[in-house]
There are 2 protein chains.
Amino acid sequence: MDYSSLKRRIIGEPFPSSMEAHERLDKIRGLAIFASDPISSNAYATEAIMSVLIVLGSGALALTLPIALMIALLVGIVIFSYIQVIMHYPEGGGGYRVTKDNLGTSPSLLAAAALLTDYILTVSVSVSAGMRALTSAFPALRPYQVILALAAILLITWINLRGVRESGSIFALPTYAFVVGVLLVVLVGLSKYFGLFGIAPMEITAPAIEAQRSFTGFAYTWLLLRAFAAGCTALTGIEAISDGVKAFKPPEAANAAKTMLIMGIIAMALFGGISFLATHLNLVPAETDSILSQMARAIVGDGFLYYWVQFFTMLILVLAANTGFQDFPRLGYFLARDGFMPRWMMNLGDRLVYSGGIVALAFLSSVIVIVFQADEFAMLPLYALGVMVSFTLSQASMVKLMRKVGKLNPGETVDTAATTLHYEKNWLGKMLLSGIGAVITFIVLIVLVATKFIDGAWVIVLTIPLLIWMFKSIRMHYDDVAESLRTRNLIGSKLIEVADVVIVPIGDIHRGTLRALQYARRLSGDVRVVCVTLSDEQKEHVLERWNRFPQLTDHAQLVCIDYDYRDVLEPVFDFIQNVKENEFPDELITVVVPEFISPTLATQLLHNQSANVLRARLRAQPGVIVIDIPFHIHSRMRAREISQQVEDAIPTVATAEAETPASE
Amino acid sequence: MDYSSLKRRIIGEPFPSSMEAHERLDKIRGLAIFASDPISSNAYATEAIMSVLIVLGSGALALTLPIALMIALLVGIVIFSYIQVIMHYPEGGGGYRVTKDNLGTSPSLLAAAALLTDYILTVSVSVSAGMRALTSAFPALRPYQVILALAAILLITWINLRGVRESGSIFALPTYAFVVGVLLVVLVGLSKYFGLFGIAPMEITAPAIEAQRSFTGFAYTWLLLRAFAAGCTALTGIEAISDGVKAFKPPEAANAAKTMLIMGIIAMALFGGISFLATHLNLVPAETDSILSQMARAIVGDGFLYYWVQFFTMLILVLAANTGFQDFPRLGYFLARDGFMPRWMMNLGDRLVYSGGIVALAFLSSVIVIVFQADEFAMLPLYALGVMVSFTLSQASMVKLMRKVGKLNPGETVDTAATTLHYEKNWLGKMLLSGIGAVITFIVLIVLVATKFIDGAWVIVLTIPLLIWMFKSIRMHYDDVAESLRTRNLIGSKLIEVADVVIVPIGDIHRGTLRALQYARRLSGDVRVVCVTLSDEQKEHVLERWNRFPQLTDHAQLVCIDYDYRDVLEPVFDFIQNVKENEFPDELITVVVPEFISPTLATQLLHNQSANVLRARLRAQPGVIVIDIPFHIHSRMRAREISQQVEDAIPTVATAEAETPASE
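Counting of residues starts from 1 at the beginning of each chain's written sequence and follows it residue by residue. The naming scheme follows written order: chains are lettered A onward, ligands numbered 1 onward. With the structure being a predicted model, the display of local features is reserved for residues of pLDDT at least 70 and the display and counting of side-chain atom pairs for 80 or more, all residues being used for whole-chain, interface and lining totals. Water and hydrogen atoms play no part in the side-chain values, which are based on all heavy atoms of the structure.

1. Quick notes on the environment of P174 of chain A
Residues and elements named next belong to chain A. What counts here: Runs of E in the DSSP output that reach at least two residues are strands. Runs of H or I that reach at least four are helices, and both are numbered from the N terminus. Any residue under 20% of the maximum accessible area for its type is buried, any over 50% is exposed, and the rest in between are partly exposed; the area is computed with a 1.4 Å probe on protein chains only. Residue contacts are defined here by distance: any two heavy atoms, one from each residue, within 4.5 Å place the two residues in contact.
Within the fold, P174 resides in helix α9 (residues 164-194). Residue classification places P174 among the buried positions, given a relative accessible area of 7%. Between the C-alpha atoms of P174 and F304, which are 130 residues apart in sequence, the distance is 16 Å. For P174, the contacting residues outside a window of four places in its chain are F312, L315 and L319.

2. Regarding the sheet that holds strand β4 (residues 527-533) of chain B
For clarity, the threshold we go by: We treat two strands as partners when DSSP finds at least two bridges between them. Axis angles are defined between N-to-C directions and span 0 to 180 degrees, where every axis is a line fitted to C-alpha atoms and, for a helix, only to the segment in contact.
An order of β5(A)-β4(A)-β3(A)-β6(A)-β7(A)-β7(B)-β6(B)-β3(B)-β4(B)-β5(B) is seen for the 10 strands of this open sheet, with the pairing classed as mixed. The sheet terminates laterally at β5 (557-562) of chain A together with β5 (557-562) of chain B, the two strands that pair on one side only. Along the sheet, successive strands turn relative to each other by an average axial angle of 25 degrees, direction set aside. Contacts from helix α24 (residues 610-619) of chain A reach β3 (497-506), β6 (587-597) and β7 (624-632) of chain A together with β6 (587-597) and β7 (624-632) of chain B, with the element oriented near 160 degrees to β6 of chain A.

3. Concerning helix α22 (residues 569-583) of chain A
Residue and element names in this part refer to chain A. Formally: Here a helix's expected span is defined as the number of its residues, less one, multiplied by 1.5 Å.
Between its terminal C-alpha atoms α22 stretches 21 Å, which fits the 21 Å expected from 15 residues at 1.5 Å a residue. The set of residues buried in α22 consists of L569, P571, V572, F573, F575, I576, V579 and K580. Packing partners of the buried residues in α22 comprise β3, β4 (527-533), β5, β6 and α24.

4. Comments concerning helix α5 (residues 94-103) of chain B
Each α-helix turn comprises 3.6 residues. Residues three or four places apart therefore point the same way. Residues and elements named next belong to chain B. Counting buried positions along α5 yields eight of 10 residues, so the element is predominantly enclosed. For α5, every residue scored as buried is listed here: G94, G95, Y96, R97, V98, T99, D101 and N102. Contact partners of the buried residues in α5: α4 (64-88), α6 (105-137), α10 (240-243), α13 (304-337) and α16 (385-407). Looking one or two residues past α5, G104 carries a phi angle of roughly 110 degrees, positive in sign.

5. Description of the packing of aromatic side chains
Counted only if it meets this: To pair, rings of Phe, Tyr and Trp, with the six-membered ring standing in for Trp, must have centres within 6.5 Å; the planes then decide the type, stacked if under 30 degrees apart, edge-to-face if over 60, and tilted in the middle. For a lysine, the NZ atom is tested; for an arginine, the CZ atom; a charge sits over a ring if that atom is within 6 Å of the ring centre and within 35 degrees of the ring normal.
In total, this model carries 24 aromatic pairs over all chains according to the counting rule given. Between the NZ or CZ atom of R343 of chain A and the centre of the ring of Y478 of chain A, over which it lies, the distance is 4.1 Å.

6. Points about the nonpolar core
Just so we agree on the cut-off: Side-chain atoms within 4.5 Å are what join buried Ala, Val, Leu, Ile, Met, Phe, Trp, Tyr and Cys residues into a set we call a nonpolar core.
Ranked by size, the top nonpolar core spans 148 residues in total, and within it I71, F178, L235, M295, L335 and F471 of chain A carry the most contacts. Not counting chain neighbours up to four residues away, the residues in contact with L235 of chain A comprise I71, L74, V75, V78, M388, F391 and T441 of chain A. By size, the runner-up hydrophobic cluster in this structure holds 147 residues, among which are L61, M379, M398 and F471 of chain B.

7. Details of the confidence of the model for chain A
Interpretation of this model should avoid reading the predicted coordinates in detail wherever pLDDT is low. Note the following rule: Each residue carries a pLDDT score, the predictor's own confidence in it, on a scale running from 0 to 100.
Per-chain confidence: chain A averages 86 in pLDDT, with 92% of residues scoring 70 or above. The complex model carries a pTM of 0.77, and its ipTM stands at 0.80.

8. Concerning the packing of helix α6 (residues 94-103) of chain A against helix α17 (residues 385-407) of chain A
Residue and element names in this part refer to chain A. Short version of the rule: In these notes the angle categories are as follows: under 35 degrees is roughly parallel, over 145 is roughly antiparallel, 65 to 115 is roughly perpendicular, and the rest is oblique. Rotating anticlockwise by less than a right angle from the far helix to the near helix defines a left-handed crossing, while the corresponding clockwise rotation defines a right-handed one. Just so you know the grouping, Ala, Val, Leu, Ile, Met, Phe, Trp, Tyr, Cys and Pro go in nonpolar, Asp, Glu, Lys and Arg go in charged, and all remaining residues, Gly too, go in polar.
Interaxial distance between α6 and α17 falls to 8 Å at its minimum, and their mutual angle equals 45 degrees. When the interaxial angle is binned, α6 and α17 end up oblique. In terms of crossing hand, the pair formed by α6 and α17 is left-handed. Along its contact with α6, which presents G95, V98, T99, D101, N102 and L103, the element α17 presents S390, L393, S394, A396, S397, M398, K400, L401 and K404. For the contact of α6 with α17, the class distribution of residues is six nonpolar, six polar and three charged.

Next up, the structure:
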């Protein structure tokens, strides 16, 4: 099976480009595909707050609910802000494009670098966490955790390479199953707590309030801030939809915005509900039993629904990785389009997804998994910083955009680089909300960096500037290319002269080199055959054969270079360089390289790689054109056939010469 | 620093080919370089016998001396036989060539395969044993044993790549120091034992004779045979000199034979002396203290000489690897010359050694070290089989050769494929000795295979036929090549027709593709430019530019292929194949491929590898000539300069076109 049909088997039949619209997502699939990360955050965001508060003593856990409500409010603000982004930038591109259009290129590259690192970490953290859940259930699998995590990445990569619609269908079930399961638990919990629907209120054990540990004013405030920052993990992935607006069926922006709204409502409902119940059921974070698991068990017992929630929690943790797989390639596309990433990140694959970006992400996240040995706790200090950088920048951008909008008169429009602005009635409110969001997410960013710096956040603080430098270097190279290739002011006929000379390096005279010589003679009247001879016998042998083919050789010049070392390419290369520099400094010269092509790779390795090495060296030499004259070596049977045909066609010349095998 | 000067730094200045004779070895260096393996065997051969005999009870250790004497006799016979080989095959090639000339190709390939595996194992076993000695002395190094062994291989490789004379000088000191040290200990020991030179005879503790364990007749004989076979490790490496006759100064054969004789005398003296003293001092093999160490301590105490012997034993164990480094590349050369190994094994490197073989050996032995984790005890069952195969075959060959000699009349000569035979007076004696040697080494081979088969000898029993199959496949390929290339019956002018057509695949029209087009027009009047267009805009853009350069484009034909998928090379390739098969089935067609050359590898990776992929695919297609038209991308500053020059030279044409960056 050849490469192409193997690829079809794995990835599926290629889609024609014209089918792109057909591959778009409806809201149901769109929610499943983009929202797995933000929705899955609810599985642990409440616990993240409580894990910080417990430092103040279990009595302080009562603060969980107010903090969670504030975060839910922040989620609302950020979602509102991103809906504005979507409506103003219906082509997608999210934080990167809105920042570029409003704050300039460098801030937008900062946003892009921050997001890319975060997407990579999303994948690594999610699969590691998912595999930890799996190996907790089946401890025999523990030694294979890294392999399992890599296999999970491979699986998600494969599904994503099969196309966005197919992956949407596959990922829909677990996402909705998780949402339904947790919502049911929350509803039953609330009913039991308030005694609704005639259900008897559940008994709640009174909290065993420890003496609150004494913290002075600043330390206390700092701990509350840290609890808040920790809970902000609930925000991760919220921006996902704004990147991929174009993945939705038309009207793209409206569908994306609606999906985002639904996602926000679901996320806030889950987060608020879990936090309310966790506080009022007096749950305490424990190392071996998650808050979500404790809550579910307290409300519905050890039954079917409990295992449902547990199972789909594990699944959605792994699927959160998919958000990274959606957004990394799309952001890569926008960066590549602007020349900041390799242009191949723009190429659509067989199934109309950005295969290059998908594979790059799979590779990079696998590296992280291997480096951190699939230990997500070690990765967490690096995580969620990037997303806060992007939130801050894109909300700040919206502030600036809304100020411009505010200056317009009704009916008036203004074009920016990437969009068209109209007057909007509520511009001031929108501006203020985005402003508040920007300030809060910026504070969260500072708190995260400050608390996690030594544990690993420094890696990100170093990586982001490096990425920005890389973006700018790539852009510089593409500018160089455009500059070198531009045809403006170019007068057609005078590009560069081609010199009337052809050099043919040979090792021996045989059918392969004769073919090259024949081709060279068609190109030019000045054919120079170069042969490096290491011994007198070799030289005589070459000369004798040269003289046997006067029809081919009489107008060509044979240059034998006697050489007392063994690196025969050196004098050949010197000869070519000499001709180029001394005789034709401003023209293109041509080198014809005879080359054997063996039927298999194994046999190809049996030959000196002279032709390959020579070609590689000549490529680096401007002004030299290389022509490969391939000579295909057939297996013996095939060679006999051909030889027979030739002999049938040509009257036999009786020569009893002894022929040595070719020297190459 | 570029590759070539870096290589000079490491390997040294290249030697001219004419200096080859100067790099030859005198007998002192020759002994050091070839004999480290057979001489070092004496460090453990006696112990190998005793380790088997101890199974019969410590009383049976008295049998060590007679067995050792028999082995010393065998050493003598084998050395005598190989001296005959050297004198009859003064070009070298040892067991392989003598077998080929007398028993035929297949037996000679068996000998070669057996020797090659043994040389690889010599290296792996020696460095592993040496590093074990080192880590025994410095247990802190134990965890790094594999790395240390690999480093030792690297070091020996490096020294060997620097030339045979230089390595001879470096390896001479430890070899002679070992010989002198052990000989001194043996002489002092004998003097003390017999009370010579007025030295008081040493007191010897009477042996604590255990009750001899009961073994029935067959088992007893079998154990004696095993002890004998184990002691035959003293024979390993004896053939080394016969492979490398050509490494000696002229008269090569005489010098090689004399060196071999000296080596034999040294080896037999050491082995006999150690075995005599080990038996008469009533030494018993112990796991933590080698027999050689016990003997030295018993004779000269814990003083300087004891540490001298210990230190140089360790060193010569490592240096035994060097015998492999001498013979593997030389045997590789002979095999390559006959077409059974890749021809690059024949290439002399900068320092006139067979660099290819040296590097191949370093690689293969490193693999063995890694697989066996530098545990030489695990490797030993694989070791020493090959050498016995080769001994048997080359002595059997000598029997056959002497029979031919015996049939000659005095003064008469007969030519074989590789040598000339004269009448020899003592042919019968020589034939009988070689015959006895062949039979004994064959028995040893059977015993070794039988006793070690399950422990690992099966690997060798499987590997050798595979190697022979590989040799024959390689030869078959070279025969195919010679057949394909042969010029016999070839009438010069009619090799193959070159079709008057040139195809130029392009992605866009820019300086690079225009240069390709210009070159193509020089080649043919029928230039077909192929452009795969993925959208109407792209097509319009290409057409607009096409029409802007009528001087270049008016005689060429532009073929735009509308394509609804993204693998743009597919239709290009189909187009080329179509032209080839339908229009010019029996001629060579030409494809001109425009290609960007970036200044660095990193920037090269930023471009689609279309040109490379296309070239690779076209190579597999017989009858297609590929011409690369390189276009060098300069960094911005350089590009501005060039562009400035162009603009200075050409009157500016005012065109306000918008140019998009190139699509490749």
